[in-house]
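Here's the letter readout for the chains.
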Amino acid sequence: MKILAIERLRGVAIIAVYLIHAEFICNAFGYFAPLEKIASWTGVDLFFVISGFVVTLSLERLLPERAPSTRASLAAPLSPHDGRSLRTFYVRRFFRLAPVGACALFLHFAGSAIAPHLVPSTPFMTLRLWSFEAATIVSGIYNFVGPFLPHMTMAFFWSLNVEEQFYLLLPALFILAGTKRVRTIAAGVVLATIALVIRPLFSPDSFQIAHCSSQYRFDALAAGVLIGLQRDRVKLVLGKVPGWLRKASCLGALGLLPMLPRHTSEHFQIHGGLVIVWSASALLVACAYVDGRDVLDFPVVNRALEYVGSRSYAIYVLHTAFLMLDETIYEGAGPGLRAMLGSRAGQTGRFVLVAAVILVASELAHRLIERPCIAAGKRLGKRGAPVATVSEPGA
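The structure presented is a predicted model; accordingly, all values stated were derived computationally and were not measured.

Let's shift gears to the overall build of the protein chain. Check the secondary structure of the protein chain and you find 16 helices and 0 strands. Over its C-alpha atoms the protein chain spans a radius of gyration of 21 Å, differing by no more than 12% from the 21 Å that the globule rule assigns to 395 residues. Considering the protein chain as a whole, with its 395 residues, one finds that 53% of them fall into the buried category. The centroid of the 37 positive side-chain charges in the protein chain is displaced by 8 Å from the centroid of its 24 negative side-chain charges.

So, in structure tokens, the structure goes:
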């Protein structure tokens, strides 16, 4: 079951991330220059909260609440039910993320193998650097290593590594904390510890390190987990708020996400701004669950965002390769062609063409790779899966 308002939020998140990468890599907006105002890395935080919420719904079906007397312990062996549930969860996550991620790695490999020999100023890295980045990505530590590299060419993978690390731990929490109450307390402790202790007291001055390292980012995912665990209470509380006020709050939160990074210092963003960002994101996710009409449910806009949101993962991992290809072509062009491509009209054409190519490539990846692999993961996960397991709600 997909929640359409959540898909719209995914659409908002990927548009913000795409635009900020377009600004960094080629900065060719042309007549679309006003879109730079909504370009923001805060789309990743919105993705984190959505991910924590959606995966919690899946885990609750695989590992439902149990009586305190049957709660697992560290000393006890893993029960057959819990073992099957973990297998189902990890098989589904692997087939959900790895195939399209591998496609992105291949695109960057192709760019690294060809572009530096033809255009020395290409944003693609050398094969040696690609091999190093790919090794850290596959091993799941890119988010810790990347900030210390001269340039994070495949920077989008850092957030996937953060999620992988979080989802290695979250199922164990659900097994050890068998009741919803204890799970809520545990998630709240994670959120409060990072937001109120680790981030304000121990965050480094480097934005890249604070932005990418899991110990400073798990609170956004934990916020999504808390909304998922307490969704009935959230629905009860927000249901009492007038609809016009919820809509206005959502619009305010959507405006805050791109505004905060552009109008505050890096020091503030590191030590307090990230908390504001995931709080605004949590409000959006909660309202999307309670009443989807509160979140950008306007004619045409809603369907467009839902479409983009449903392809957001493919767009997320594929888009930088095509942006780098565009910049490589521009850098390698002769003086006359380069002047034309660098003009306002030329930049406009490049912006439209690259966006269209990315949408087509993402659609193909979604249809030919992502959907079949998700279906395969569900089939494999069902083998020996607990009876209570149901399909994952658009994770």
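Back to the write-up after that little detour.
A few words on the side chain of threonine 122. Here threonine 122 is to be found in the loop between helix H3 (80-118) and helix H4 (127-138). A relative accessible area of 9% places threonine 122 in the buried class. Excluding anything up to four places from it in sequence, threonine 122 contacts Ala115, Pro116 and Thr328.

With that settled, the discussion passes to the pattern of salt bridges. Applying the stated rule across the entire model yields 19 salt bridges. A salt bridge links glutamate 60 to arginine 231; the shortest N-O distance between them is 2.6 Å. Of this pair, glutamate 60 sits in helix H2 (residues 42-62) while arginine 231 is found in helix H10 (residues 231-239), placing the two residues 171 residues apart along the sequence. Here glutamate 60 falls in the buried class, since its relative accessible area comes to 13%. A salt bridge links aspartate 291 to arginine 293; the nearest nitrogen and oxygen atoms lie 2.9 Å apart. With relative accessibility at 14%, the residue aspartate 291 sits in the buried group. Where salt bridges share partners, they join Arg246, Lys247, Asp291, Arg293 and Asp294 into one cluster.

A cluster of nonpolar side chains, namely Leu196, Val197, Leu201 and Phe202, defines an oily patch on the protein surface of about 440 Å² accessible area. Along the polypeptide, phenylalanine 202 turns up in helix H7 (residues 180-202). Residue classification places phenylalanine 202 among the exposed positions, given a relative accessible area of 53%.

To continue, consider the packing of aromatic side chains. On inspection of all chains with the given rule, the structure shows 15 aromatic pairs. Between phenylalanine 48 and tryptophan 158, the aromatic rings sit 5.9 Å apart at their centres with planes inclined by 85°, giving edge-to-face as the arrangement. Note that phenylalanine 48 is positioned in helix H2 and tryptophan 158 in helix H6 (residues 157-176), a separation of 110 residues in sequence. There is no split in this pair, since phenylalanine 48 and tryptophan 158 are both buried. Their ring planes at 70° and their centres at 5.0 Å tell us that phenylalanine 166 and phenylalanine 218 sit as a pair that is edge-to-face. A residue pair is termed long-range when its members are at least 10 positions apart, and phenylalanine 166 in helix H6 and phenylalanine 218 in helix H9 (residues 218-229) qualify at 52 residues. A connected cluster of aromatic rings, assembled from ring pairs, spans Phe89, Tyr90, Phe166, Tyr167 and Phe218. Taking NZ or CZ as reference, lysine 235 lies 5.6 Å from the ring centre of tyrosine 289, over its face.

This part takes up the packing of helix H1 (residues 4-25) against helix H13 (residues 301-310). How two helices sit against one another is set out by the angle between their axes and by the gap between those axes. It is at 7 Å that the axes of H1 and H13 come closest, and there the two elements cross at 75°. Between H1 and H13, the crossing angle belongs to the class labelled roughly perpendicular. Across the interface between the two elements, Leu4, Glu7, Arg8, Arg10, Gly11, Val12, Ile14 and Ile15 from H1 touch Asn302, Leu305, Glu306, Val308, Gly309 and Ser310 from H13. Considering only residue class, the contact of H1 with H13 consists of 6 nonpolar, 4 polar and 4 charged.

For the rest of this paragraph, the subject is the state of the cysteines. Across all of its chains, the model carries 0 disulfides by this definition. With no disulfide of its own, cysteine 250 lies 3.6 Å from the sulfur of cysteine 287, the closest cysteine sulfur. Classification of cysteine 250 as buried rests on a relative accessible area of 1%.

Moving on, we get to unusual backbone geometry. Apart from glycine, the bulk of residues carry a negative phi angle, and the bulk of peptide bonds sit in the trans form. Look at asparagine 27: it is not a glycine, yet its phi comes out positive at around 50°. Asparagine 27 gets classed as partly exposed once you look at its relative accessible area, which sits at 41%. Unusually for a residue other than glycine, leucine 296 sits at a positive phi of about 50°. When you line up the elements, leucine 296 lands in the loop between helix H12 (266-290) and H13. Classification of leucine 296 by relative accessible area gives buried; the value is 15%.

Met154, Phe157, Val285, Tyr316 and Val317 are the most contacted members of the largest nonpolar core, which totals 102 residues. Here this core takes 12 residues from H2, the largest share from any one element. Residues in contact with valine 285, not counting those within four places in the same chain, are Ile6, Leu9, Leu46, Val49, Ile50, Phe53 and Ile227. Listed in part, the 5 residues of the second largest apolar core include Trp41, Phe207, Ile270 and Leu274.

The next subject is the packing of H2 against H3. For the pair H2 and H3, interaxial distance at closest approach is 10 Å and the crossing angle is 150°. What the angle tells us is that H2 and H3 run roughly antiparallel. Crossing hand, H2 versus H3: right-handed. Across the interface between the two elements, Val55, Leu59 and Leu62 of H2 pack against His81, Ser85, Thr88, Phe89 and Arg93 of H3. Here the residues of the contact of H2 with H3 sort into 4 nonpolar, 3 polar and 1 charged.

Turning next to the confidence of the model for the protein chain. Scored by pLDDT, the protein chain has a mean of 92; 94% of the residues are at 70 or more. This model gives residues 387-395 a pLDDT under 50, and the stretch forms 28 contacts once residues within four places in sequence are excluded.

Conventions we followed
- Residues numbered from 1 in each chain as written.
- Predicted model: local features only at pLDDT ≥ 70, side-chain atom pairs only at ≥ 80, totals over all residues.
- Heavy atoms only, no water.
- Helix = DSSP H or I, 4+ residues; strand = E, 2+ residues; numbered from the N terminus.
- Rg over C-alpha atoms; globule rule 2.2 N^0.38 Å.
- Buried < 20%, exposed > 50% of the residue type's maximum accessible area, 1.4 Å probe, protein only.
- Lys, Arg positive; Asp, Glu negative; His and termini not counted.
- Charge placed at Lys NZ, Arg CZ, Asp CG, Glu CD.
- Contact = heavy atoms within 4.5 Å.
- Salt bridge = Lys/Arg side-chain N within 4 Å of Asp/Glu carboxyl O.
- Patch = residues over 30% accessible without salt bridge, like charges linked within 9 Å, V, L, I, M, F, W, Y side chains within 5 Å.
- Areas by Shrake-Rupley, 256 points an atom, 1.4 Å probe, with all protein chains shown as cover.
- Phe/Tyr/Trp six-rings, centres within 6.5 Å; stacked < 30°, edge-to-face > 60°.
- Lys NZ or Arg CZ within 6 Å of the ring centre and 35° of its normal.
- Axes fitted to C-alpha atoms, helices over the stretch in contact; angles between N-to-C directions.
- Parallel < 35°, antiparallel > 145°, perpendicular 65-115°, else oblique.
- Nonpolar A, V, L, I, M, F, W, Y, C, P; charged D, E, K, R; others polar.
- Disulfide = S-S within 2.5 Å.
- Core = buried A, V, L, I, M, F, W, Y, C linked by side-chain atoms within 4.5 Å.
- Left-handed = near helix turned anticlockwise from the far one by under 90°.
- pLDDT = per-residue confidence, 0-100.

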